[in-house]
Amino acid sequence: MDARLVTASGQVGLPRQDPMVVIVGGGIAGVSAARHLINRGVQQVLILEAKDRLGGRIHTVTGDSGNVDFGAQYIHGQDENPLYQLALQHDLIVSPSSKLKDTNKSITAELYGNEFRTDNGDLVPKNTVRDVNEVLEEAYEKCNCCLDNASTNKSIGHHFETRFEDYLQSCDDSENDVITKRGVFDWRIRWELHDNSCLSLFDATNGSYQNNSGDYFIDVRGGFQSIFHSLLNDIPPECVRTGTPVSRIHWRGEENSGRSRKCTVETKHGGNVNCYYVIVTVPLGVLQTNINTLFCPTLPQSKKEALCRRGFGSVVKIFLTWTEPFWESSFEGIQFVWTCSADKSKDRLPKNTLTKKNGDPWWRDIDGFHVLKENPRTLLGWMGGEGARLTEDLSEEEILHTCHLLLQQFAPHLKIPKPQAIKRTQWLSDEYTKGAFSYISTYNEPGDTEEMVKPLPSEEDPTLLFAGEAMSHHHFSTTHGAYETGIQAANIILQNEAKKNRT
Ligand SMILES: Cc1cc2nc3c(=O)[nH]c(=O)nc-3n(C[C@H](O)[C@H](O)[C@H](O)COP(=O)(O)OP(=O)(O)OC[C@H]3O[C@@H](n4cnc5c(N)ncnc54)[C@H](O)[C@@H]3O)c2cc1C
């Protein structure tokens, strides 16, 4: 592991001198807040990170065949994306091409280079894939238009189904074409489940998310950790404690009567740190799980409700590695289009396994597998929805075996050997993450994000601040959103200090 990721693990105990700011969580939001403060002269900053490594949901794992990113993998968008700028500065963009200049195109269009194949092994015509997806892109836009209208169904699921059925009505397709189009629709649902990290598209809205224009899938040289390292370079090792979970934050001065400092942060393994400000950057899943124990006094009811209404789901990545690629250099990947047309006598997929509420097996939620630019022998499969939850309880051997059978079924012409190795993610079971990333749920109310991010006890007297991807108005779920919220929290502290110095 890179030494910069374990900067302070060798240092035992907490610092003797009280810091001005304690940052809970050493992901990109925590590190961007610390860096912003340090670069503006506030040196007394301490990041307390529960795990033995920094990075949080940025976690690049290096194996024999190259890097794989367990969490964030792509820079999403170029325009006004600070991480894209940072990656450019450090020469971290993998194979920049004319494609990068192509703005405002459909997000899933990036995947059209993949083969879309049915469970019978048939290739789905490219124009069928494109037509169905373009219709659904339009439906996606509609979710934005009805956000403030409480009586309208805002869910992506509702808009997708309505628009798709209208579209089918308007086409004069054969029965087989309708079956294939329904298969592509079902693929897009699975893709959206992982892209939104939600359990059902009927619970998710597009919300206030705003795409940064430009390429949506920009690979990073050396994995996403390279971007994180470039931020970490500005942070002195003494400003970080890894392996230090925070158990309770006393955020009101009057609760600490007799102490000169306003806040006290208790750590799980013993030891308190006093400080003037606390920036909490733990993932929303961790906040929701510990909402009644992490803060003393407890958070205001309105903030708790806003935090708990927000969605935080699960995504699983499955990396399969072969001793050598079984695919040609032009192959980009294979996406699974279920038409249930497969010859039943040849169906060897395991049925006696964990099933979803509707009786379908877990593997039905895998979108497909695609190649990785920086790892020539590995294919990556994505899964969201209920399947993602179920998979975390399965053995690697069962997942590998099933994925091999799936690939053989959808690409019988390729004669695919058994993968040599598997790696898979388990973000939901991770007690310091509790899921993948946040989404705006249909239960959310206008103003929830403002409520979630509002400093306490008040904006005029900020002591407890909140940052992290879920706190971003327009870029939640992304690394650049998390990065921006860290800077926003740091700026509130800088402004408050400037105000105090003036008076
Ligand atoms: C599978 C997956 C794929 C993704 N793909 C992309 C992508 O391609 N592009 C993109 O932009 N984004 C992607 N994301 C989202 C992105 O990874 C996150 O939005 C971002 O990294 C979140 O940063 P953060 O600092 O808000 O939270 P985190 O990175 O989760 O940092 C929070 C930190 O708090 C620590 N912590 C938790 N509890 C405690 C405690 N009690 N005490 C102390 N520390 C604690 C955690 O260990 C963690 O290190 C992906 C995420 C996942 C899971």
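What you are looking at is a predicted structure, and each value in this text was computed from that prediction instead of being measured.

Some details on the site of the ligand
Not every one of the 37 residues close to the ligand is listed here, only the nearest: Glu49, Arg57, Tyr74, Val246 and Thr479. Contact distances for the ligand include 2.9 Å between a nitrogen atom and a backbone N or O atom of Val246. Residue Thr479 places a side-chain N or O atom 2.7 Å away from an oxygen atom belonging to the ligand. The protein chains hide 98% of the 1000 Å² of surface that the ligand would expose on its own. At the level of elements, helix 1 (28-39) and helix 12 (479-502) are the ones that each hand at least two residues to the shell around the ligand.

Structural notes on the sheet that holds strand 7 (residues 204-205)
Taken in spatial order, the three strands of this open sheet run 7-21-15, and their pairing is antiparallel. In the strand order of this sheet, the two ends are held by strand 7 and strand 15 (311-312), each with one partner. Of the strand pairs in this sheet, strand 7 and strand 21 (residues 438-441) are connected by two bridges, and their pairing is antiparallel. Bridge pairing in strand 21 links Thr205 to Ile440.

Brief notes about the nonpolar core
Of all hydrophobic cores here, the largest spans 42 residues; its most connected members are Ile75, Ile227 and Ile279. Looking at this core, the element that brings in the most residues is helix 1, giving seven residues. Beyond its immediate stretch of four places on either side in the chain, Ile75 contacts Asn81, Leu83, Tyr84, Ala87, Ile93, Asp215, Tyr216, Phe217, Ile218, Val220, Phe224 and Ile227. The next biggest cluster of nonpolar side chains, apart from the first, holds 40 residues, and it includes Tyr140, Leu193, Leu201 and Val337.

Some words on helix 5 (residues 175-196)
For helix 5, with 22 residues, the first-to-last C-alpha span of 31 Å sits near the 32 Å given by 1.5 Å per residue. Directly beyond the C-terminal end of helix 5, a positive phi value near 55 degrees is found at Ser197.

Points about the state of the cysteines
For the structure shown, the criterion picks out zero disulfides. Cys275 provides the cysteine sulfur closest to Cys263, a residue in no disulfide bond, and the two sulfurs are 4.7 Å apart.

Details of unusual backbone geometry
The omega torsion of the bond from Cys296 to Pro297 falls at -5 degrees, within 30 degrees of zero and hence cis. By the element assignment, Pro297 lies in the loop between strand 14 (295-296) and helix 8 (301-309). For the peptide bond that leads from Leu456 to Pro457, omega is 0 degrees, which places it in the cis range. Within the chain, Glu80 stands out as a residue other than glycine whose phi angle is a positive 55 degrees. For Glu80, the position within the fold is in the loop between strand 5 (74-75) and helix 2 (82-89).

Remarks on the pairing of strand 13 (residues 277-280)
Side chains of strand 13 alternate between two faces, with Tyr277 and Ile279 and Val278 and Val280 buried alike. Pairing of strand 1 (residues 21-24) with strand 13, which is carried by four bridges, proceeds in the parallel orientation. Note that in strand 13 the partner of Ile23 across the bridge is Ile279. Direction of pairing for strand 13 relative to strand 23 (residues 462-466): parallel, over a ladder of three bridges. The residue of strand 23 that forms the bridge with Val280 is Phe466.

Points about the packing of helix 1 against helix 6 (residues 225-232)
Packing of helix 1 against helix 6 leaves a shortest axis separation of 10 Å and a crossing angle of 25 degrees. By the angle between their directions, the pair helix 1 and helix 6 is classed as roughly parallel. The interaxial crossing formed by helix 1 with helix 6 has left-handed handedness. From helix 1, Ile28, Val31 and Arg35 reach across to helix 6, where they touch Phe228, Leu231 and Leu232. Residue composition of the contact of helix 1 with helix 6, grouped by class: five nonpolar, no polar and one charged.

Cut-offs and rules
Residues numbered from 1 in each chain as written. Predicted model: local features only at pLDDT ≥ 70, side-chain atom pairs only at ≥ 80, totals over all residues. Heavy atoms only, no water. Near = heavy atom within 4 Å. Polar contact = N/O pair within 3.5 Å; in protein donor to acceptor, adjacent residues only side chain to side chain. Areas by Shrake-Rupley, 256 points an atom, 1.4 Å probe, with all protein chains shown as cover. Helix = DSSP H or I, 4+ residues; strand = E, 2+ residues; numbered from the N terminus. Pairing = 2+ DSSP bridges. Core = buried A, V, L, I, M, F, W, Y, C linked by side-chain atoms within 4.5 Å. Buried < 20%, exposed > 50% of the residue type's maximum accessible area, 1.4 Å probe, protein only. Contact = heavy atoms within 4.5 Å. Expected span 1.5 Å × (residues − 1). Disulfide = S-S within 2.5 Å. Axes fitted to C-alpha atoms, helices over the stretch in contact; angles between N-to-C directions. Parallel < 35°, antiparallel > 145°, perpendicular 65-115°, else oblique. Left-handed = near helix turned anticlockwise from the far one by under 90°. Nonpolar A, V, L, I, M, F, W, Y, C, P; charged D, E, K, R; others polar.

Everything listed here is a matter of coordinates, which is why it stays silent on function.
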